[in-house]
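Remarks on the overall topology
As a plain string of letters, each chain reads:
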Amino acid sequence: MAKPIQVLAITGGKGGVGKTNISVNTAISLARQGRRVAVLDADFGLANVDVLLGLQAKRSIEQVLDGECTLEEIVLNGPAGIKIIPASSGARRLTQLSTLEQAGLIRAFTALASQLDVLIVDTAAGISDSVLHFVSASREIVVIICNEPASLTDAYAMIKVLNRDFGRQRFRVLSSMVADEDEGRSAFAKLQQVCQQFLEVGLFYAGHIPFDKSLQEAVKKQKPVVEYSPSCAASRAFARFADEIEAWPASRRQGGELAFFVEQLFAPSFPVSHDLDLVR
């Protein structure tokens, strides 16, 4: 029987909360635990996962859709053995593909499934249709927040739309750029309070990533902080977050979870069943 594949979206609504950094460093932290991980750069406006790692993507999903190459041929090898599936700035939105292109992309991701344990979807900022489809198609939704009003407002808007239009009811929340655990939980509590007041959703605290100068230095050097400064506070936090992910319940869809993710990208806005087998 095929091994379950975790598909999780890193999102937040607001730009500048560190989604791409969190995606990449989490992927490396999971890989160090023996997991086979890929990061899908789902920001088709400002693709930057490869840039963050100092890699050069010569091809992207755009060329796969045009039949110029296979999905495996565009995959970049990143630190600790992680795979990067690059986007290209200005690429067509996956929600606008023809039926033939949709089928081709589903087959391409299905072929990749045997090489993966975890797929991390690094989304764009905002709540555009493209972002919402990527997030809603993912089994686990990780909402990144900062302890500031704009971030919490945008995170609430994201959760509200996903709940109202896509039937999603459970969300993981990771506090970013906070001083410590107390501030991380405080930011989570603010979001949880307003969600409990106006929405019928469940929020689960997934931890925090502290504000760390080493993280800023690593970005300037185009290196993941978990490699640039393995013992710094941010790197230790990413290791804890990877441990948290490992404890999440596995999908019951087994290896088909990845194909289901791609199929859902093209589905109309209707409630999906990801929440039915969540335990915590």
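Residues numbered from 1 in each chain as written. Predicted model: local features only at pLDDT ≥ 70, side-chain atom pairs only at ≥ 80, totals over all residues. Heavy atoms only, no water.

Right, let's get into the overall build of the protein. In terms of regular secondary structure, the protein is built from 12 helices and eight strands. Per-residue burial for the protein yields a buried fraction of 57% across its 280 residues. Pairs at least 24 apart in sequence give 79% of the contacts found in the protein among residues at least 6 apart. With an accessible surface of roughly 11800 Å², the protein has 50% of that area assigned to carbon and sulfur atoms. (Helix = DSSP H or I, 4+ residues; strand = E, 2+ residues; numbered from the N terminus. Buried < 20%, exposed > 50% of the residue type's maximum accessible area, 1.4 Å probe, protein only. Contact = heavy atoms within 4.5 Å. Areas by Shrake-Rupley, 256 points an atom, 1.4 Å probe, with all protein chains shown as cover.)

Residues at a pLDDT of 70 or more form 86% of the protein, whose mean pLDDT is 85. Throughout residues 270-274 the model reports pLDDT below 50, and contacts reaching past four residues in sequence, or to other chains, amount to 19 contacts. pLDDT under 50 marks residues 276-280. Its contacts with residues more than four places away, or in other chains, come to 15 contacts. (pLDDT = per-residue confidence, 0-100.)

What follows is about the environment of Asn 21. Relative to the helices and strands, Asn 21 resides in helix α1 (residues 19-31). Exposure remark for Asn 21: the relative accessible area of 15% places this residue in the buried category. Put simply, Asn 21 and Leu 53 are 32 residues apart on the chain and 9.7 Å apart in space, counted from C-alpha to C-alpha. Here Asn 21 is in contact with Leu 52, Leu 215, Val 219 and Phe 238, once residues within four sequence places are set aside.

What follows concerns unusual backbone geometry. Notably, Ala 80 is not glycine yet its phi reads approximately 60°, a positive angle. Locating Ala 80 in the fold gives a position in the loop between β3 (76-77) and β4 (83-85). Exposure remark for Ala 80: the relative accessible area of 41% places this residue in the partly exposed category. One non-glycine residue, Gln 222, lies in the positive phi region at around 55°. For Gln 222, the position within the fold is in the loop between α9 (213-220) and α10 (225-228). Given the relative accessible area of 39%, Gln 222 is considered partly exposed.

All right, on to the sheet that holds strand β8 (residues 202-210) then. Read across the sheet, eight strands follow the order β3-β4-β2-β5-β1-β6-β7-β8 without closing on themselves; strand pairing throughout is mixed. The sheet is open, and its two edges are formed by β3 and β8, each paired on a single side. Pairing analysis gives two bridges linking β3 to β4, with the strands arranged antiparallel. Note that in β4 the partner of Asn 77 across the bridge is Lys 83. (Pairing = 2+ DSSP bridges.)

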